[in-house]
Amino acid sequence: MNTFVINGGKPLKGIITVSGAKNAATPILAATLLTKEECIIDNIPRIKDVLFMIETLESMGSKTKWINKNKLSIKNDRINFKNMDTSHVSKMRSSILLIGPLLSRFKEVETPKPGGCHIGARSIEPHLRALKGLGATITKKRNLYQIRAKNLKGKEFTMSEFSVTATENILMAAVLAKGTTTIHCAASDIYIEDLAKFLNKLGAKIKGIGTHNLKIEGVKKLHGAKYKVVPDPIEMGTFISLAGATKSKITILNFKEEFLRMELEKYQEAGLKFKIEKNSITIYPSNLKAIKLHNMPAPGFTADLIQPFAAMMT
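Residues numbered from 1 in each chain as written. Predicted model: local features only at pLDDT ≥ 70, side-chain atom pairs only at ≥ 80, totals over all residues. Heavy atoms only, no water.

Topic: the pattern of salt bridges
In a structure, side chains of opposite charge can pair up when their charged atoms sit close to one another. Counted by the stated rule, this structure contains five salt bridges. Linking aspartate 49 and lysine 22 is a salt bridge whose minimum nitrogen-to-oxygen distance equals 3.5 Å. Here aspartate 49 is found in helix 2 (residues 48-59), whereas its partner lysine 22 is found in helix 1 (residues 22-31), with 27 residues between them in sequence. Overall, the relative accessible area of 24% leaves lysine 22 in the partly exposed class. Lysine 197 is the partner of glutamate 193 in a salt bridge, and the nearest nitrogen-oxygen pair spans 4.0 Å. Pair noted here: glutamate 193 and lysine 197 are both in helix 6 (residues 190-202), with a separation of four residues, about one helical turn. (Salt bridge = Lys/Arg side-chain N within 4 Å of Asp/Glu carboxyl O. Helix = DSSP H or I, 4+ residues; strand = E, 2+ residues; numbered from the N terminus. Buried < 20%, exposed > 50% of the residue type's maximum accessible area, 1.4 Å probe, protein only.)

The following block contains the structure:
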């Protein structure tokens, strides 16, 4: 389909449920590479980036089975990273998350520069700089990065920027490294919290979850686990903006107020009327007013919701 035909002018109404967070599901799926035991991941959104990640894992030997529409069993007991289908790597930014767990498990990884979203400057350098800190050596040949580390060793270092995916990569590389890793200026987004909680369920030892300072005590081995992905804050904010833009009454289920504290303050400041109950929010038709807004690192206003918020404010 190349064309959308939208007959507007009508308010919306009804109930909609938030899906699992794509930005939490992709690193958690990558992290399953750190154990040979079965993992069962629930609340997985069946969207392209997630399915690309699953297909990439399958190309290396992952055994996967859908238990129901959004629950996946995955076992990575026989993985050959050299068989990785790199065609998806150039299509999705989240493929960069495979570097940390593959390096940790196989002591080497070769990957093209990840593709995907081109919004803003999305450098791979924070990932490489942090991995070097853990003892990795990096060689670039044409468009390929060769990353090797005979023995990853824990280290205390400061991230060069609040990069979500770089923080996640270092977490996954550090959980099986020898010694203790301390990360200062770590990003603290919901997705990192979810990954860290999943890793701890596998047997990792991560402290400082939800803060900008993470401490990881390396362990020798991780085991399997069952885990449920958090609901998507971006979907929550998009549905709120949709209701505000169309002056509609919409109830949003699977809602977590703590995921959008700053965002909700800004919606309220703009004049949006809403009522929060247990695991739901109802938006009411509202007259909006102009406000000043800019994004900040978590727990500030997330950059991913600037676009739907801006559309609402028109």
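Here the narrative resumes.
Focus: the packing of helix 4 (residues 125-133) against helix 5 (residues 164-174)
Contact geometry for helix 4 and helix 5: axes closest at 9 Å, N-to-C directions at 25 degrees. Comparing the axis directions of helix 4 and helix 5 gives the class roughly parallel. The way helix 4 lies across helix 5 gives a crossing that is right-handed. Contact with helix 4, carried on its side by Pro126, His127, Ala130 and Leu131, involves Thr165, Ala166, Asn169, Ile170 and Ala173 of helix 5 and no other residues of that element. Along the lines of polarity and charge, the residues of the contact of helix 4 with helix 5 split into six nonpolar, three polar and no charged. (Axes fitted to C-alpha atoms, helices over the stretch in contact; angles between N-to-C directions. Parallel < 35°, antiparallel > 145°, perpendicular 65-115°, else oblique. Left-handed = near helix turned anticlockwise from the far one by under 90°. Contact = heavy atoms within 4.5 Å. Nonpolar A, V, L, I, M, F, W, Y, C, P; charged D, E, K, R; others polar.)

Focus: the confidence of the model for the chain
Averaged over every residue, the pLDDT of the chain is 91; residues scoring 70 or more account for 95%. Note on residues 116-121: pLDDT is under 50 here. Beyond four places in sequence and across chains, it has seven contacts. (pLDDT = per-residue confidence, 0-100.)

Quick word on the environment of isoleucine 216
Tracing the chain through its elements places isoleucine 216 in strand 11 (residues 213-217). For the pair isoleucine 216 and isoleucine 206, spaced ten residues apart in sequence, the C-alpha separation works out to 4.6 Å. Among all residues touching isoleucine 216, those that are not within four sequence positions of it are Leu171, Ala174, Val175, Gly179, Thr180, Thr181, Ile183, Lys205 and Ile206.

A closer look at the sheet that holds strand 15 (residues 280-284)
As a general point, the strands of a sheet are linked pairwise by backbone hydrogen bonds and lie either parallel or antiparallel. Strand order in the open sheet formed by four strands is 1-13-15-14, and the pairing between neighbours is mixed. Bordering the open sheet on either side are strand 1 (13-17) and strand 14 (273-277), each of which pairs with just one other strand. Taking the axes of each pair of neighbouring strands and ignoring which way they run, one obtains an average angle of 15 degrees across the sheet. Inspection of the sheet shows strand 14 paired to strand 15 by five bridges, in the antiparallel sense. (Pairing = 2+ DSSP bridges.)

What to know about the environment of glutamate 258
Position of glutamate 258 among the secondary structure elements: in the loop between strand 13 (249-253) and helix 8 (261-269). Once the C-alpha coordinates of glutamate 258 and proline 233 are considered, the two residues, 25 residues apart in sequence, prove to be 9.7 Å apart.

Observations concerning the sheet that holds strand 11
Taken in spatial order, the four strands line up as 8-9-11-10 in an open sheet, and their pairing is mixed. Strand pairing shows two members of the sheet lacking a second neighbour, strand 8 (156-158) and strand 10 (205-207), which therefore form its edges. Here the strands of the sheet are splayed against their neighbours by 15 degrees on average, with no regard to which way each runs. As paired strands, strand 10 and strand 11 are joined by three bridges and run antiparallel to one another. Paired with lysine 205 across the strands is glutamate 217, a residue of strand 11.

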